[in-house]
Amino acid sequence: MNEVLVIVGRLSESFILNCKLFILTLLFALPLGMIIAFGSMSRFYPLRWLVRTFVWVIRGTPLMLQLIIIFFGPGLLNMPFSWPSGESGRFVAATVAFVINYACYFSEIYRGGIESIPVGQYEAGQVLGMTKTQIFFHVTLLQVIKRIVPPIGNEVITLVKDTSLARIIANKEIIMMAGEYSNKGLIWPLFATGIYFLVFVGGLTILLNWVEKKLGYFRV
Amino acid sequence: MAFLEVKGIEKSFGTVKVLKKIDFSLEKGEVIAIIGPSGSGKTTLLRCLNFLERPDKGSIIVNNEVIFDAMDPSTQRESEVRKKRLHFGLVFQNFNLFPQYTVLKNVTLAAELLAKERPDYKQNKKAILKEIQDRGKMLLSQVGLSDKLDCYPHMISGGQQQRVAIARALALDPDILCFDEPTSALDPELTGEVLKVIKGLAERNTTMIIVTHEMDFARDVANRVIFMDGGVIVEQGSPQEVFGNPKEERTRQFLARYKKH
């Protein structure tokens, strides 16, 4: 019994890394995605082409591969830059890879949301003498948010589970921790990790439903 | 000089010439109805007046002030355009109400944003906002929607939405109110209530330009009728002249189709 408590304690501890990675990724990728989205809609053609190519590369290659390249790349290519040594360096590298990857996915969702707003909404704002900024913040933004909550929610839920990929560069997250026990012949901790993810995603689902309901007072 | 002078407006989209040298004028308090087949350039003309399209040639003069001149880039600067476009109001074919705001907020939003630019805004904020609210309520009662102030657009009928859109366009007190086929997206039952509101405005001497396919309404409400086809004004005159005794063969052809029903 005592052993079970110890294992649950260690699993919970390692799950904190998953949670930290999750929160930091959202914190940086949500705004960065907006910048990438504006880049991919730019009327300056070279910029648009560059951004869209970048998004294609990031979305077109596995996140696991991106983690490896971002972590080992600087050393292998003899770049003057290197990650801090030890645990913190591995975590920072993982966060950077996740932020870039998720920002690209978010940017496409933003772009779709912004482009789905009927042009009549902009024109109605224009003929009423609003500036472009006023139209964005007072007319279109909330409509865009309402439209993108479901697809963003989908990505956010995927992110929860993707955080396990950080183990590929030796971040001691929950599944890696459970793996250490299964190597010793103890299999149940591996199954137990599923409960952590289920509970976390359950909480998120409730939150996302609440947001959707809050925005249900109008139709777009 | 007339209150509105439109001189030599031309507009092409790619290689398609949509407007070919449009000239007309409008006096204060006058109502012009623009009729004509689809694709004749009516809507583009309205959009040019409201700065939603930039004419390739020509000029627009309101109350002796040149508000647009294709030859003079200084009249086309973004900040200039923003102020000058407020001479005109526009009611769209498909309303374009802001879905996330109540009926009242739809009417007051633009005025509230503009008020922020007033130098005395900070001191008199409360009084200014109150005034805007009161004006919004007054306009909504004028279009018969006093009981819908707190509704959201999806909760009311198309005819009611279009009446909100009219109140919204009136909120900034434009010199000239333009309508782009205001009843084309409405079923016949709802058309009447919108036309009644526009007629009420005409009786109060609101200066208006109305693009419409409602011939009886145009005859009834307009002081002058313009018939457009192929990007040119084919004929213009009083409703009696254009409808009763059209001079041009093309006008006769067009009107004949409407007389059949």
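Quick notes on the rules
- Residues numbered from 1 in each chain as written.
- Chains lettered and ligands numbered in written order.
- Predicted model: local features only at pLDDT ≥ 70, side-chain atom pairs only at ≥ 80, totals over all residues.
- Heavy atoms only, no water.
- Helix = DSSP H or I, 4+ residues; strand = E, 2+ residues; numbered from the N terminus.
- Buried < 20%, exposed > 50% of the residue type's maximum accessible area, 1.4 Å probe, protein only.
- Areas by Shrake-Rupley, 256 points an atom, 1.4 Å probe, with all protein chains shown as cover.
- Rg over C-alpha atoms; globule rule 2.2 N^0.38 Å.
- Contact = heavy atoms within 4.5 Å.
- Pairing = 2+ DSSP bridges.
- Axes fitted to C-alpha atoms, helices over the stretch in contact; angles between N-to-C directions.
- Core = buried A, V, L, I, M, F, W, Y, C linked by side-chain atoms within 4.5 Å.
- UniProt positions renumbered as here; feature names shortened; annotations may be inferred.
- Salt bridge = Lys/Arg side-chain N within 4 Å of Asp/Glu carboxyl O.
- Buried area = accessible area lost by both parts, 1.4 Å probe.
- Polar contact = N/O pair within 3.5 Å; in protein donor to acceptor, adjacent residues only side chain to side chain.
- Right-handed = clockwise from strand over helix to strand, strands pointing away.
- Patch = residues over 30% accessible without salt bridge, like charges linked within 9 Å, V, L, I, M, F, W, Y side chains within 5 Å.

**Focus on the overall build of chain A**
Phase 1 of the analysis: The secondary structure content of chain A amounts to 8 helices and 0 strands.
Phase 2 of the analysis: When the elements of chain A are put in sequence order from the N terminus, they spell out α-α-α-α-α-α-α-α.
Phase 3 of the analysis: In terms of principal-axis extent, the alpha carbons of chain A reach across some 70 × 50 × 25 Å.
Phase 4 of the analysis: When each of the 220 residues of chain A is scored for burial, the buried share is 43%.
Phase 5 of the analysis: Carbon and sulfur atoms provide 70% of the accessible area of chain A, an area that totals close to 12000 Å².

**Section: the overall build of chain B**
Phase 1 of the analysis: A tally of helices and strands in chain B yields 9 helices and 10 strands.
Phase 2 of the analysis: The C-alpha radius of gyration computed for chain B amounts to 19 Å, which stays within 12% of the reference 18 Å derived for 261 residues, consistent with globular compactness.
Phase 3 of the analysis: The dimensions of chain B, computed from C-alpha atoms along their principal axes, are 60 × 45 × 35 Å.
Phase 4 of the analysis: Nonlocal contacts in chain B, meaning residues at least 24 apart in sequence, comprise 65% of its contacts between residues at least 6 apart.

**Remarks on the sheet that holds strand β2 (residues 16-26) of chain B**
Residues and elements named next belong to chain B.
Phase 1 of the analysis: Overall, antiparallel pairing links the 4 strands, which are arranged β2-β1-β4-β5 in an open sheet. What marks the edges here is a single partner per strand, and that holds for β2 and β5 (65-69). Across the sheet, the mean angle separating the axes of adjacent strands is 20° when strand polarity is ignored.
Phase 2 of the analysis: Bridge count between strand β1 (residues 4-13) and strand β4 (residues 57-62): 5 bridges; the pairing is antiparallel. Bridge assignment links L4 to a residue of β4, and that residue is V62.
Phase 3 of the analysis: Those strands touched by helix α1 (residues 42-49) are β1, β2 and β4, and its axis lies near 65° from that of β2.

**Here's the deal with the nonpolar core**
Phase 1 of the analysis: Counting residues in hydrophobic clusters, the biggest one holds 51 residues, and the most contacted among them are A:L11, A:F98 and A:F106.
Phase 2 of the analysis: Looking at this core, the element that brings in the most residues is helix α4 (residues 86-115) of chain A, giving 13 residues.
Phase 3 of the analysis: B:A33, B:V91, B:V143 and B:I198 belong to the second-largest nonpolar core, a separate cluster that totals 46 residues.

**A short note on the UniProt feature "domain: ABC transmembrane type-1" (unreviewed entry) in chain A**
Phase 1 of the analysis: If you check UniProt for "domain: ABC transmembrane type-1" (unreviewed entry), the listed places come out as residues 11-208 of chain A in our numbering.
Phase 2 of the analysis: Secondary structure over residues 11-208 of chain A splits into 81% helix and 0% strand, and the C-alpha atoms at its two ends are 26 Å apart.

**Remarks on unusual backbone geometry**
Residues and elements named next belong to chain B.
Phase 1 of the analysis: The backbone of N64 shows a phi angle near 70°, a positive value even though the residue is not glycine.
Phase 2 of the analysis: In this structure, F95 takes a positive phi of about 65° despite not being glycine.
Phase 3 of the analysis: Structurally, F95 is set in the loop between β6 (88-91) and α3 (103-115).

**A closer look at the pattern of salt bridges**
Residues and elements named next belong to chain A.
Phase 1 of the analysis: Throughout the structure, instances matching the rule amount to 18 salt bridges over all chains.
Phase 2 of the analysis: E115 serves as the salt-bridge partner of R111, at 3.5 Å between the closest nitrogen and oxygen. One end of the pair, R111, and the other, E115, are both in helix α4, 4 residues apart, so they sit about a helical turn from each other.
Phase 3 of the analysis: Between K172 and E180 there is a salt bridge, with its nearest N and O atoms 3.3 Å apart.
Phase 4 of the analysis: E180 gets classed as partly exposed once you look at its relative accessible area, which sits at 29%.
Phase 5 of the analysis: Here the salt bridges share partners, and the residues they tie into one network are R59, E108, R111 and E115.

**Considerations on the interface of chain B and chain A**
Phase 1 of the analysis: With 24 residues of chain B at the contact, the number on the chain A side is 21 residues.
Phase 2 of the analysis: Regarding the contact of chain B and chain A, the summed buried area is about 2100 Å², with carbon and sulfur atoms giving 60% of it.
Phase 3 of the analysis: For the pair chain B and chain A, the number of links is 1 salt bridge.
Phase 4 of the analysis: Across the pair B:R47 and A:E123 runs a salt bridge, and its minimum N-O distance is 2.6 Å.
Phase 5 of the analysis: Here chain B and chain A share 9 residue pairs in polar contact (both at pLDDT 80 or more) between them.
Phase 6 of the analysis: Sorting the residues of the side of chain B that touches chain A by element identifies α2 (78-84), β6 and α3 of chain B as the ones contributing at least two each.

**Observations regarding the pairing of strand β8 (residues 208-211) of chain B**
Residues and elements named next belong to chain B.
Phase 1 of the analysis: Along β8, one buried face is formed by M208 and I210 and the opposite face, lined by I209 and V211, is buried too.
Phase 2 of the analysis: Pairing analysis gives 4 bridges linking strand β3 (residues 31-35) to β8, with the strands arranged parallel. Note on β8: the bridge partner recorded for A33 is I210.
Phase 3 of the analysis: Two elements, strand β7 (residues 176-180) and β8, share 4 bridges in a ladder whose sense is parallel. Its bridge partner lying in β8, C178 is registered against I209.
Phase 4 of the analysis: Handedness of the β7-helix α6 (residues 188-203)-β8 crossover: right-handed.

**Remarks on the UniProt feature "transmembrane region" (unreviewed entry) in chain A**
Residue and element names in this part refer to chain A.
Phase 1 of the analysis: Summarizing the sequence annotation, UniProt attributes the feature "transmembrane region" (unreviewed entry) to residues 21-41, 53-77, 89-106 and 186-211 in the numbering used throughout.
Phase 2 of the analysis: As a span, residues 89-106 carries 100% helix and 0% strand, and end to end its C-alpha atoms are 25 Å apart.
Phase 3 of the analysis: Within residues 186-211, the helical portion is 92% and the strand portion 0%, while the C-alpha atoms at the span's ends are 41 Å from each other.

**With respect to helix α5 (residues 119-127) of chain A**
Phase 1 of the analysis: Burial in α5(A) covers these residues: A:G120, A:Q121, A:E123, A:A124, A:G125 and A:V127.
Phase 2 of the analysis: Positioned one or two residues after α5(A), A:G129 has a phi angle of 75°, which is positive.

**Overview of a nonpolar patch on the surface**
Phase 1 of the analysis: A cluster of nonpolar residues, A:M64, A:I68, A:F72, A:L76, A:L77, A:M79, A:F81 and A:I168, forms a patch on the protein surface that exposes about 770 Å² of accessible area.
Phase 2 of the analysis: Summarising the element assignment, A:F72 is placed in helix α3 (residues 63-76).

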